[in-house]
Amino acid sequence: LIVAVVLVVGSVHGSEWMTSGSHHCIERCRPGTRKDLDAVLWCPVVDGVSTEHRPAAMESGRPSVHEEDVLSEEDKYMWDYCTPATVEGLEDGDGYEEFEEAVVLPERVNRTKRQSGYGGGFNPGNSGRTASSLAGINCDGECTENFGGKFNCNVPGSNPNNFFCSPNVPLKREQLTSHNKLWCIGDCLRGSGNDYYQCKTLFGYDHCSPQEDRSSSGKTCFSPCQPNYESEHHHYQCATDETKEQQEDCGYWHVAGAKKDALEYTNDDQVCAGPCLEQEGDLVCGQVGWVWNEDEMVSSLQMSLGSCGPQQKMSWTYIGIIIGCVVAAVLVIALIAFFVSKRKYSQAATRDY
């Protein structure tokens, strides 16, 4: 029973990378209620660009959005449908995610026919067991992009019906950005008319390097890319001249001890936006979260540090061990009490005769 509980929890809280709408989870993918539909898998998300989110009702200019009974919690934050991987997928390095913003759910979803179990990994499209964003239901077919730019698939039910799913996109962990020191979650590119290369992160755009020996402007680095402690914010920088007098931002490619083959999480189930590394004796990582401003009627993305120590992965194992030890101790005590009482009864009966 204990093992079963641990496995079920591990299956629900897997490693997610790309959501149905091609966004990125900032918390673990979890089952819940969205758009009045129960048992859907969802997570708060970012698009890698925006650090502010205004509810769709606010964008429409409707005056009624200021009424508390109109603006729901779902409207306040960017979120999407996701698909978690199994524990095995995470351990094997198959770390992926899925997201999307608030969208209209498909009608006529048959919630009475549920399949058991989750996919054998994160949406392995060619395995025949691609998971949908309905908890416990696998796709009947491939997970494909529709005309609205969302990924969905057929699910068991009548007509047949379909629901959201997540594309099979590999986790990309190559470099940390110059300013915020977060993982690039996309390609490092320089747009037309821009002076610097940038990439998307969980906290928006930041400077990066097109190659590990280049600065963010594309110049050759004549020194290693490292924090510049002489500057105010200690950005990653390198010298772009032989005299090593000119410093430019750069992306940091050589992150010692960083885990690149799977997502990392804080102890509060936030997705680590940067590597989980030791800092002043503690394991921490950068994390982001949406904070709602009631006066401005807007959510702002904020960055902070979160603990990502070993108890994150071992918490359910520890709970299982503790419960197992308690059960074993109770059984031992019960057996000892039984034999002691039986022995006393036999001795008493011998003295009577």
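Heads up: these notes are all about the structure in this document. Since the structure is predicted, the reported quantities are computational estimates derived from the model, not experimental observations.

## A look at the state of the cysteines
What is meant by a disulfide is a covalent connection between two cysteines, made through their sulfur atoms.
Right, so step 1: Applying the stated rule across the entire model yields 10 disulfides.
Right, so step 2: The disulfide bridge from C139 ends at C153, spanning 2.0 Å between sulfur atoms. Around the S-S axis, the bridge from C139 to C153 shows a dihedral of about -70 degrees and counts as left-handed. In this pair, C139 sits in the loop between α4 (87–91) and β6 (144–145) while C153 sits in strand β7 (residues 151–155), placing the two residues 14 residues apart along the sequence.
Right, so step 3: Overall, C139 belongs to the buried group, its relative accessible area being 5%.
Right, so step 4: C153 gets classed as buried once you look at its relative accessible area, which sits at 3%.
Right, so step 5: In this model, C276 is linked to C308 through a disulfide, with the two sulfur atoms separated by 2.0 Å. Since a negative S-S torsion denotes a left-handed disulfide, the C276-C308 link at about 100 degrees is right-handed. Separated by 32 residues along the polypeptide, C276 in the loop between β13 (247–249) and β14 (277–279) and C308 in the loop between β16 (298–307) and α5 (311–352) bring together distant segments of the chain. Here C276 and C308 have matching classes, each one buried.

## Focus on the nonpolar core
Right, so step 1: Residues I26, V46, C82, L202, L263 and W290 are the most contacted members of the largest nonpolar core, which totals 22 residues.
Right, so step 2: For this core, the secondary-structure elements that each account for two or more residues are β3 (37–46) and β15 (282–293).
Right, so step 3: Y81, C143, C153 and F163 belong to the second-largest nonpolar core, a separate cluster that totals 15 residues.

## Describing the sheet that holds β6
Right, so step 1: Read across the open sheet, the three strands follow the order β6-β7-β8; overall the sheet is antiparallel. Sheet topology places β6 and β8 (161–164) at the edges, where each strand pairs with a single neighbour.
Right, so step 2: Where β6 meets β7, two bridges bridge the pair, whose relative direction is antiparallel. Following the sheet pairing, T144 is matched in β7 by N152.

## Quick word on the packing of aromatic side chains
Right, so step 1: Applying the stated criterion across every chain, the model contains six aromatic pairs.
Right, so step 2: Residues W42 and W79 carry aromatic rings whose centres are separated by 6.3 Å and whose planes lie at 85 degrees to one another, so their mutual orientation is edge-to-face. Here W42 is found in strand β3, whereas its partner W79 is found in strand β5 (residues 79–81), with 37 residues between them in sequence. The residues W42 and W79 share a single accessibility class, namely buried.
Right, so step 3: Centroid distance Y236 to Y252: 4.7 Å. Interplanar angle 10 degrees. Geometry classified as stacked. Taken together, the positions of Y236 in strand β12 (residues 236–239) and Y252 in the loop between β13 and β14 put the pair 16 residues apart, joining distant regions of the chain.
Right, so step 4: Residue class for Y236 comes out buried when judged on its relative accessible area of 9%.
Right, so step 5: Overall, Y252 belongs to the partly exposed group, its relative accessible area being 23%.
Right, so step 6: In textbook terms, an aromatic cluster arises when at least three aromatic residues are bridged by ring pairs, as seen for W42, W79, Y81, F163 and F164.
Right, so step 7: Residue placement shows R30 over the ring face of W42; its charged tip is 4.3 Å from the ring centre.

Rules used in this analysis
- Along every chain, residues carry numbers that run from 1 in the direction the sequence is written.
- For this predicted model, a pLDDT threshold of at least 70 governs which residues receive local features, and a threshold of 80 or more governs which side-chain atom pairs are given and counted, while totals over whole chains, interfaces and linings are taken from all residues.
- Heavy atoms throughout the structure, all of them, feed into the side-chain values; hydrogens and water do not.
- Disulfide: a pair of cysteine sulfur atoms within 2.5 Å of each other.
- Helix and strand assignments follow DSSP, with helices taken as H or I runs no shorter than four residues and strands as E runs no shorter than two, numbered in order from the N terminus.
- Here's how the labels work: a residue is buried when its accessible area is under 20% of the maximum for its type, exposed when over 50%, partly exposed in between, all with a 1.4 Å probe on protein chains only.
- In this description, a nonpolar core means a group of buried Ala, Val, Leu, Ile, Met, Phe, Trp, Tyr and Cys residues linked to one another through side-chain atoms lying within 4.5 Å.
- Two strands make a pair as long as DSSP finds a minimum of two bridges between them.
- For Phe, Tyr and Trp, where Trp contributes only its six-membered ring, two rings pair if their centres lie within 6.5 Å, and the inter-plane angle classes them as stacked under 30 degrees, edge-to-face over 60, or tilted in between.
- Working rule: Lys NZ or Arg CZ, within 6 Å of ring centre, within 35 degrees of ring normal, means a charge sits over the ring.

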